[in-house]
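Topology and contacts: notes
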Amino acid sequence: FEATTKQLLCYVKEQRSLFLEKRAKEEKDLNEANIKDKVRRLNNFDIAAGEMPKSEGPTPDEIRSKLEAAEEAALAQTSLPEQTADKEDKWETLEVPASSSVYPEKMLLHRSTLFPEEPLLELKRRMKTMCPNLSEEWVNKEVKLNPIELAVIRNDLEIATELLSRAEETSLKLSKDLGWDCEIDEEDDMVNLPYSNSFTELKYELIHNQNSDLENMTLIHLAVMMNNVAILRLVLSFVREFALPQSTVKFWEKEVGKGFLSGFNSHNHTAILHFALNTGCDIIAKALMSGELDDPLLSWIVDKPYKAEKKKYASHVSYQIEGVVTTANWMSKHVFESNITKNELIKRLARPAVFDALGRTALFYAPTRLIPEVVDSAVKATLSAESCISLADAKSAFLEAKSTNGFTALMAAATCGEVNKVKSLLNVGAKCSTRTDDKREWNAIHMAIVPTENRKKCWKKAKDIIKIILDSATETELDDLLLCPNSEHTPLMLAASSNADK
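The following refers to the structure shown. (Residues numbered from 1 in each chain as written. Predicted model: local features only at pLDDT ≥ 70, side-chain atom pairs only at ≥ 80, totals over all residues. Heavy atoms only, no water.)

1. Some points on the overall build of the protein
- If you tally the helices and strands in the protein, you get 27 helices and two strands.
- Restricting the contact set of the protein to residue pairs at least 6 apart, pairs at least 24 apart contribute 71%.
- As displayed, the protein offers around 27,100 Å² of accessible surface, 52% of which is attributable to carbon and sulfur atoms. (Helix = DSSP H or I, 4+ residues; strand = E, 2+ residues; numbered from the N terminus. Contact = heavy atoms within 4.5 Å. Areas by Shrake-Rupley, 256 points an atom, 1.4 Å probe, with all protein chains shown as cover.)

In structure tokens:
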């Protein structure tokens, strides 16, 4: 990897030198030439006027041919190669042959076909339990993996560390040598030279390059699924801003009146904690909630202001990369200008209060067994960040937090027929009479009854959920739950219209 990088760097420097020398020579020749005479000669003005050129020289056709040849040579020198799936990148030039046609990052990003071995089989079996539609044939099918994915799946911390550290070291050196860490002239043709990926582009490729053989999981997803804290810490330390929960930052940006949510581009709509809870990776979820992974998640924000690379990215990735960079820039600027404390960052970005794109907290994703720990972690983070709030208020604010469609975690659990989760949420203090924010003003009982696909199979669950909610309600809450004076329908009306049984 280092050898290839050095070869590429040497080659690019040679091309830069040749390019600048050629451009300087052309400018000098142009300044010394008699432009007026050339224009007249090129357009046959002298001949049309009955005058013959005073000095012998090339004919108009010869001048045109020479200009066309120069143009073609310039295009061949500065244009990027066409990239196809079946053809390796090559950049041919007449002056200096390429010393290496393989860019360094391709060694890290290239996927080779592997037949499932035990760690991979175990991962695929776990995925099959979460997705019953996956077949046994899929479990035993070969998979394409790049070297880092393979090291992560094998839980080989030593090899994964070596690969990522080498990648960072060589990419940063390349960025420095080629001037990507300083301002560049956008009009400089040199930005079109086929440089290797910068460090930011390499991180983007590693995180966004979803593996279609593993249900489009990214490197972060794989690290979480392996349930290995050390592996995930290593990956988070490498990707930095690309692990930032963009949805939460966008909600925060809107909260301070400087952002918007519609149409934003996010590489991870679901936060890492949400994914860990949803996939049953309890070790990772507990490590995130306990603060064990705060340093790799947040140190790049709090240590010093974020500084993006000054590089013109390729058109097919520029929009996605610039979306992440813009979010990171705003986050860093807001932290240092508004004196945001580390506890506030932890509460918003690394604890259960973190949002997804629909405004759902980790409580929506939490399995029943972890609900008490999720609530406890969120409350502790709130109390650390806000000294003026009481324990009861902090707990209530988290339990009653609503998604963008006005649902609380209790309503969502009731809608999905999750009997045990409804019971657990009520046990930790969730309010059963909370209503949605829309004109319907439905409560959790409405949500248990509302028709969904295959509702006939779920009436028993709905009845169990309604009984649990009614048993936990006070007399005042019973009136709100059953009579619903401000709601569009009462639960009884909804049950009757849904052809529910007795």
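The structure having been displayed, the exposition proceeds.
2. Considering helix α18 (residues 342-349)
- Where burial is concerned, most of α18 is hidden: six out of the eight residues are buried.
- Turning to α18, its buried residues are E344, L345, I346, K347, R348 and L349. (Buried < 20%, exposed > 50% of the residue type's maximum accessible area, 1.4 Å probe, protein only.)

3. Some details on the packing of aromatic side chains
- Here the structure, examined in full by the defined rule, presents four aromatic pairs.
- On the numbers, 6.3 Å between centres and 75° between planes, the contact of W252 with W330 is edge-to-face. Of this pair, W252 sits in helix α13 (residues 246-255) while W330 sits in helix α17 (residues 315-337), and the two are 78 residues apart along the sequence. Take W252 and W330: they sit in the same class, and that class is buried.
- Directly above the ring of W138 sits K124, whose terminal nitrogen or CZ lies 4.5 Å from the centroid.
- Positioned above the aromatic ring of W252, the side-chain terminus of R348 is 4.3 Å from the ring centre. (Phe/Tyr/Trp six-rings, centres within 6.5 Å; stacked < 30°, edge-to-face > 60°. Lys NZ or Arg CZ within 6 Å of the ring centre and 35° of its normal.)

4. Re the environment of K141
- Along the chain, K141 turns up in the loop between α7 (136-140) and β2 (143-145).
- Under the relative-accessibility criterion, K141 is labelled partly exposed at 48%.
- Taking the C-alpha atoms as reference points, K141 and L121, 20 residues apart in sequence, are found 9.5 Å from one another.
- Excluding residues within four positions of it along the chain, K141 makes contact with P116 and K124.

5. Some remarks on unusual backbone geometry
- Here N155, not a glycine, exhibits a phi torsion of approximately 55°, which is positive.
- With respect to the helices and strands, N155 occurs in the loop between α8 (147-153) and α9 (157-177).
- The partly exposed category is assigned to N155, whose relative accessible area is 32%.
- A positive phi angle, near 45°, is found at C484, a position not held by glycine.

6. Comments concerning the packing of helix α23 (residues 419-427) against helix α25 (residues 459-472)
- Running from N to C, α23 and α25 cross one another at 10°; their axes reach a closest spacing of 9 Å. In this view, α23 runs roughly parallel relative to α25, as classed from their interaxial angle. When α23 is examined against α25, the residues V419, V422, K423 and L426 are found in contact with a partner set consisting of K461, D464, I465, I468, I469 and S472.
- For the contact of α23 with α25, a count of residues per class yields six nonpolar, one polar and three charged. (Axes fitted to C-alpha atoms, helices over the stretch in contact; angles between N-to-C directions. Parallel < 35°, antiparallel > 145°, perpendicular 65-115°, else oblique. Nonpolar A, V, L, I, M, F, W, Y, C, P; charged D, E, K, R; others polar.)

7. Overview of the pattern of salt bridges
- Overall, the coordinates contain 20 salt bridges when judged by the stated rule.
- For K286, the salt bridge is made with E373, and the minimal N-O distance between the two is 3.9 Å. Linking K286 in helix α15 (residues 282-290) with E373 in helix α20 (residues 371-385), this pair joins segments that are 87 residues apart in sequence.
- Assessed through its relative accessible area of 38%, K286 is described here as partly exposed. (Salt bridge = Lys/Arg side-chain N within 4 Å of Asp/Glu carboxyl O.)

8. Let's talk about the side chain of R348
- Tracing the chain through its elements places R348 in helix α18.
- Overall, the relative accessible area of 17% leaves R348 in the buried class.
- With residues near it in sequence (within four places) discarded, R348 still touches T248, W252, E255 and V354.

9. Looking at helix α21 (residues 391-399)
- Among all positions in α21, only A394, F398 and L399 are buried. Each buried residue of α21 lies within a common arc of 125° when the element is viewed along its axis, so the set occupies one face.
- At its buried positions, α21 is contacted by α19 (362-365) and α20. (Arc of directions from axis to C-beta.)

10. Points about the packing of helix α16 (residues 294-302) against α18
- Relative orientation of the contacting elements α16 and α18 amounts to 125°, with a least axis distance of 11 Å. Here α16 is positioned oblique relative to α18, judged by the angle of their axes. Like other packed secondary-structure pairs, α16 and α18 cross with a definite hand, here right-handed. On α18, the residues that touch D294, L298, I301 and V302 of α16 are L345, I346 and L349. (Left-handed = near helix turned anticlockwise from the far one by under 90°.)

11. Describing the side chain of E149
- Mapped onto the elements, E149 comes out in helix α8.
- Taking relative accessible area as the criterion, E149 reaches 2% and is therefore assigned buried.
- At 2.6 Å, the side chain of E149 and the side chain of R111 are in polar contact.
- When residues no more than four places from it in sequence are discounted, the contact partners of E149 are R111, K144, N209, N211, L219 and L222. (Polar contact = N/O pair within 3.5 Å; in protein donor to acceptor, adjacent residues only side chain to side chain.)

12. Section: empty space enclosed by the protein
- Evaluation of the coordinates by the stated rule reveals four cavities of 30 Å³ or more.
- Size it by volume and the largest cavity reaches roughly 80 Å³.
- Lining the largest cavity are eleven residues, with A271, I272, L273, L297 and L349 sitting closest to its centre.
- Here the lining of the largest cavity is composed, by residue class, of ten nonpolar, one polar and no charged. (1 Å grid on protein atoms, 1.4 Å probe; cavity = no way out; pocket = protein on both sides within 12 Å on 5 of 7 lines; lining within 4 Å. Points joined across faces, edges and corners; volume = space filled by probe spheres on them.)

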